[in-house]
Amino acid sequence: MPSVCFYFQVHQPFRVKKYTFFDIGRDSSYFAGEGEGDLNNEWVMRKVADKSYIPTNKMLLDLLREYPSMGISFSFSGVVLEQMEKYSPETLESFRELVNTGRVELLGETYYHSLAFLYSREEFKRQVDMQRKKVEELFSVTPQVFRCTELFYSNEVARAARDMGFKGVLGEGVDHLLGWRSPNFIYRPQGLNDIKLFKKNYRLSDDIAFRFSSSGWKEHPLTADKFARWVSQLNGNGEVVNLFMDYETFGEHQWEETGIFNFLRSLPGEVLKDSDNDFITLSEAIERYKAHDEIDVPYVTSWADTERDTSAWTGNEMQRDALSKVYEIEEDVLRTKDKDIIDDWRKLQISDHFYYMGTKTMGDGVVHSYFSPYDSPYEAFISFMNALSDLKLRVEKKLNYKDEKNKVTFRQSI
Amino acid sequence: MFGWEFPPHNSGGLGTACLGITKSLSKKKTKVTFVLPKKIEGAESFLRIVSPETPYISFYSVDSPLSPYLDGKKYESYSTKGDSVYGRSLYEEVSRYSDFGWYIAGKEDFDVIHAHEWLSFGAGIKAKERSGKPFIAHIHATEFDRTGGEGINPRVYAIEKRGMEMADRVVAVSNLTKSIVVKHYGIPEEKVEVVHNGVEFEEEEGEFREVSKMKEHGKKMVLFVGRITLQKGPDYFIRAAKRVCEVCRDTFFVISGSGDMQCQMMEQVAREGLSDRVFFTGFMRGEKLRSLYRSADLFVMPSVSEPFGITPLESLINGTPVLISKQSGSSEVLMHALKVDFWDIDDMANKMICALNYDSLNRCLKENGRREVFSINWDKTADKLIKIYNNL
């Protein structure tokens, strides 16, 4: 009976270019990195499109044609959609084709892939609305299920999602919060009856996303029929298998040479050999399965690092400093009513900036540095804080100018 | 083991490294006979000294009538100026030391010959010739580092090269040094092992008295420690200081050390109008130097070519974050440090300003750096050396 629920996250940040103290007050194009390298957002977008998005989309389109009952879910940050429009329209077009099959569901999230939920609930809601509008505009569908940035989840996230009209919400399958319960059922967030909760099956998800090519893993190499067997084994004690992962797993995190595309190509066939299995979208799962129990998640969990909490973004003093400095200017930024200033401020909220500043896994872990375009967390912090200082100057200038103008009109009016 | 200097009679990093290495080797029950080309005070020549603190190390010293102990400055002029007045006597001394290597190899019982720096390679080679035992050449710096690649002394180069060629294994203090050894000396890559240095800790407190007044007034201090020579990049430091001074009013700079570029640097400071912002303390050591480290808000090592560079490690131990050049061996072992290319004045100034003004950055660098530096110790160095000994 298990229904495989694939949800792929599609996101690319606007990375801050190398921005020195001497650029403050002189250069406001924070995200315009140049040259061949990871700080050139256009270059990265094209690279990932070539290696991952376009070939994977093509494969999924073929699979959807071959298995017409198959359903898949995606979530796009607004900033990745913006970059597709700008740098790789063909990628956007190929995603449209997928969505047009009617077999692909799109989820809701914050437009700026931000941590606003933790710092400003008002800003959070604005960004969720912005993302919803963007998705409607580009794909003509409306998100029904919500996933918070980096799979942030707590009772409060669920409540906020419910209040914004979502009927489902996603979270990490953190063991100590699930207790004896398995992630392979649908649940109710604490105290809420009108929204359903999906828990990521992190073992099976990470077998694909992280362990697929690791030769030290005892299951390596992972084949589609082996994975399909694991799925079928859940028959009788699970209804959904929530495979949540970054879409860049295919071709970018796991290179083509690892055999990841062959794996994906054969997986549906292998899973569907067992007629009890199928692939469905999250909304279909909500329709089909009832919530089995209520789950209490009093603090925010995420899908990152071994801690599965927010420490990947807020774990050290630099990260907390940078975050509080971004959010403390919210009121002034909005007061400028300057489209560019507000947009730059929001782009500086993208969670990746703070992830790059993480120091906890330096030395032993490689995950943060693998994903970082900077030489060190300190470099990430320096460019970010300098850019933010420039933004603050722009805000001050604008507000002073506005106040001056207001004074004039006030005087004129008397 | 053949060395050239040993604390407390040392002038620089080589003696400190030899002490750290022999101490940790002895802790790990590897017997070391340490040979020096000079007479140790109070000891008869050719007398073996067994130190009570380090039961596994014994010393040999050869009395050398020509030379009082070589101090840092003279060593510099020997090695960089070649045929200066001291030149001949230095080579004579090196040659005498080589002969002594032959002599000692006949007297002592040992399994491995380990020689530090070109000065002792001759002795190492002779000892190998007589005993047939394997010989390790340990490179702490090359002629290319000492001269910045210009005005290489061909005689020193030849001794270095021959030593490495005759050696069964070459040990380099960093990947940077290894690459120089491979590129400029034609030594096959697989023959060269990288063994990083370590650092010792002393728990102390207290700031440098002379600067505490300025610090009380909220001024921030940036520190340079090292010989004032081309290799250490003091000119880049001053040019970056100039840029910092243009935007940060409350910052001052301290240069601790001496060297052949000192006058030139003082003139540069005066010319730039920085005499009230950049101060020279002269050469300092011991507790005074450590208190200077503790007073600083940022330590900078802008070396043009630094085989290892122990000063940033000393700074971190004393709780001051560091900005180091990428052209240094210690940048290979320090993750929690700001790094720049020595020639990138703008970036150096940028990072100085940020480290001084973003408090959270300064504290993260300081705390993480201090934690990290404790893992860089001589025991690790000794472990790697023992592994190399066993694989010979």
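The model shown is predicted, which means the values in this text are computed figures rather than measured ones.

Even after reading the chapter, I still don't get the interface of chain A and chain B, so can you show me in this structure?
Interface extent is often summarised as the accessible area lost during association of the parts. Each partner contributes to the interface: chain A provides 18 residues, whereas chain B provides 22 residues. Summed over both sides, the interface of chain A with chain B buries roughly 1,800 Å², with 63% coming from carbon and sulfur. When residues of chain A are sorted by the area they lose upon contact with chain B, Phe22(A), Glu317(A) and Tyr378(A) head the list and together hold 37% of the total. Here chain A is connected to chain B by 4 salt bridges. Its salt-bridge partner being Lys351(B), residue Glu379(A) comes within 2.7 Å of it at the nearest N-O pair. At the junction of chain A and chain B, the tally comes to 11 residue pairs in polar contact (both at pLDDT 80 or more). When residues of the side of chain A that touches chain B are traced back to their parent elements, those giving at least two are helix 13 (317-327) and helix 18 (377-413) of chain A.

Hey, could you run me through the domain arrangement of chain A in this one?
Residues and elements named next belong to chain A. For chain A, the assigned domains read domain 1 (3-295) and domain 2 (317-409). Here the C-alpha centroids of domain 1 and domain 2 sit 26 Å apart. Taken together, the two surfaces of domain 1 and domain 2 that pack against each other cover about 2,800 Å², and 59% of this comes from carbon and sulfur. Summed over the three residues of domain 1 that lose the most area to domain 2, namely Tyr30, Tyr112 and Tyr119, the buried surface amounts to 22% of that side.

Honestly, the sheet that holds strand 9 (residues 251-256) of chain B in this entry has me stumped. Any pointers?
As a general point, the strands of a sheet are linked pairwise by backbone hydrogen bonds and lie either parallel or antiparallel. All names here are of chain B. Taken in spatial order, the 6 strands line up as 10-9-8-11-12-13 in an open sheet, and their pairing is parallel. Either end of the sheet is taken by a strand with one partner, and the two such strands are strand 10 (278-282) and strand 13 (338-340). Neighbour-to-neighbour, the strand axes of this sheet turn through a mean angle of 20°, independent of strand direction. Pairing analysis gives 4 bridges linking strand 9 to strand 10, with the strands arranged parallel. Looking across to strand 10, one finds that Val254 is bridged to Phe279.

Help me out: how do you make sense of the confidence of the model for chain A in this one?
Mean pLDDT over chain A works out to 93, with 95% of the residues at or above the 70 mark. Throughout residues 410-414 of chain A the model reports pLDDT below 50, and contacts reaching past four residues in sequence, or to other chains, amount to 0 contacts.

Is there a simple way to explain unusual backbone geometry in this structure?
Both trends apply: most residues other than glycine have a negative phi, and most peptide bonds are in trans. Geometrically, the link from His220(A) to Pro221(A) is a cis peptide bond, its omega value of 0° lying close to zero. Inspection of the secondary structure assignment puts Pro221(A) in the loop between helix 8 (202-209) and helix 9 (224-233).

I'm lost on the packing of aromatic side chains in this one. Help?
To describe a pair of aromatic rings, you give the distance between the ring centres and the angle between the ring planes. Residues and elements named next belong to chain A. Counted under the stated rule, the structure contains 47 aromatic pairs over all chains. Judged by centre distance (6.4 Å) and plane angle (65°), the ring pair of Tyr247 and Phe250 falls under edge-to-face. Members of the aromatic cluster, connected to one another through ring pairs, are Phe6, Phe8, Tyr53, Phe74, Phe76, Phe95, Phe139, Tyr247, Phe250 and Phe279. Above the ring of Trp217, the side-chain terminus of Arg211 is found at 5.9 Å from the ring centroid.

Looking at this structure, I do not really get the environment of Cys148(A). What am I missing?
Residues and elements named next belong to chain A. In this structure, Cys148 sits in the loop between strand 4 (145-146) and helix 6 (155-163). Here Cys148 falls in the buried class, since its relative accessible area comes to 1%. Taking the C-alpha atoms as reference points, Cys148 and Leu282, separated by 134 residues in sequence, lie 15 Å from one another. Setting aside chain neighbours within four positions, we find Cys148 in contact with Phe117, Phe124 and Val157.

Rules used in this analysis
Residues numbered from 1 in each chain as written. Chains lettered and ligands numbered in written order. Predicted model: local features only at pLDDT ≥ 70, side-chain atom pairs only at ≥ 80, totals over all residues. Heavy atoms only, no water. Contact = heavy atoms within 4.5 Å. Buried area = accessible area lost by both parts, 1.4 Å probe. Salt bridge = Lys/Arg side-chain N within 4 Å of Asp/Glu carboxyl O. Polar contact = N/O pair within 3.5 Å; in protein donor to acceptor, adjacent residues only side chain to side chain. Helix = DSSP H or I, 4+ residues; strand = E, 2+ residues; numbered from the N terminus. Domains from an automatic or database assignment. Pairing = 2+ DSSP bridges. Axes fitted to C-alpha atoms, helices over the stretch in contact; angles between N-to-C directions. pLDDT = per-residue confidence, 0-100. Phe/Tyr/Trp six-rings, centres within 6.5 Å; stacked < 30°, edge-to-face > 60°. Lys NZ or Arg CZ within 6 Å of the ring centre and 35° of its normal. Buried < 20%, exposed > 50% of the residue type's maximum accessible area, 1.4 Å probe, protein only.

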